[in-house]
Amino acid sequence: MVAPPPFDAGARPADDREPTTLMPAWQPPPTAPPVAATVPETMAMPARQPAGVAAGPQGELMIESGPDAGHTHRANDKPLRLGRSPDNDIILRDPATSGHHARLERRGDAFWVVDLGSTNGTFVNGESVQEKQLDDGDRLTVGQNSLHFAVVGA
């Protein structure tokens, strides 16, 4: 334990003490000048295709007859799978269509139809095919559905 300092009779009374120094309150450091002065306010962005629009030609499949008549589907650079299963891109409600019946795909600027091992086959203009390049105006038969193929844009 530390002993208190000895009493000094010649010391100043308590009222004569020096005032306490006040410490300033903490403040955040000053911020750096804005960097915006070095970056242009407006910058040019590179041109790009709007979402959902593919470069190059697009194909269109219009179902002309069969259980799904009247439906139209667009094809671009993403392959479209046709069939009865719900995980297909184009679902055909037809018992003569296989679960995963055929695929429409673009190769370069040309469209191809590929049979996926369907039970009843895929036909282009009445001819059974395993894989065939499509021309504008071709007619496909998938199960009981008759589809018209057209090239849209180039």
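The rules behind these values
- Residues numbered from 1 in each chain as written.
- Predicted model: local features only at pLDDT ≥ 70, side-chain atom pairs only at ≥ 80, totals over all residues.
- Heavy atoms only, no water.
- Salt bridge = Lys/Arg side-chain N within 4 Å of Asp/Glu carboxyl O.
- Buried < 20%, exposed > 50% of the residue type's maximum accessible area, 1.4 Å probe, protein only.
- Helix = DSSP H or I, 4+ residues; strand = E, 2+ residues; numbered from the N terminus.
- Pairing = 2+ DSSP bridges.

A.B. asks: Got a minute to help me understand the pattern of salt bridges in this structure?
C.D. replies: Side chains that differ in charge, positive against negative, can pair when their charged atoms come close. The full count for this structure, using the stated rule, is eight salt bridges. For arginine 81, the salt bridge identified is with aspartate 87, shortest N-O distance 3.3 Å. On the basis of relative accessible area, aspartate 87 is assigned to the partly exposed category, the value being 47%. When the shortest N-O distance is used, the salt bridge between arginine 107 and glutamate 105 registers 2.7 Å. Taking the relative accessible area as the measure of exposure, arginine 107 reaches 32% and is therefore partly exposed.

A.B. asks: When you look at unusual backbone geometry in this model, what are you seeing that I'm missing?
C.D. replies: Trans is the prevailing form of peptide bonds, just as negative phi is the prevailing case for residues other than glycine. Positive phi outside glycine occurs at asparagine 125, with the angle close to 55 degrees. Tracing the chain through its elements places asparagine 125 in the loop between β7 (122-124) and β8 (127-129). Among the residues examined, asparagine 125 registers a relative accessible area of 47% and is labelled partly exposed.

A.B. asks: Quick question: what am I supposed to make of the sheet that holds strand β9 (residues 131-134) here?
C.D. replies: Spatially, β4-β3-β5-β6-β9 is the arrangement adopted by the five strands of the open sheet, whose pairing is mixed. Both edges of this open sheet fall to β4 (90-91) and β9, since each of them pairs with a single strand only. Across two bridges, strand β3 (residues 80-83) lies against β4 in parallel orientation. Of the residues in β4, the one forming a bridge with leucine 82 is isoleucine 90.

A.B. asks: Got a minute to help me understand the pairing of strand β6 (residues 110-115) in this structure?
C.D. replies: Look at any regular strand and the pattern is simple: side chains alternate between the two faces of the sheet. Counting buried positions along β6 gives five out of six residues, so the element sits mostly inside the fold. As paired strands, strand β5 (residues 102-107) and β6 are joined by six bridges and run antiparallel to one another. Across the sheet, arginine 103 pairs through a bridge with valine 114, a residue of β6. Counted along the chain from β5 to the antiparallel partner β6, the turn is two residues long, and its residue glycine 108 has a positive phi close to 70 degrees. In this sheet, β9 lies alongside β6 in antiparallel orientation, the contact comprising four bridges. Considered in β9, the bridge of valine 114 is made with glutamate 131.

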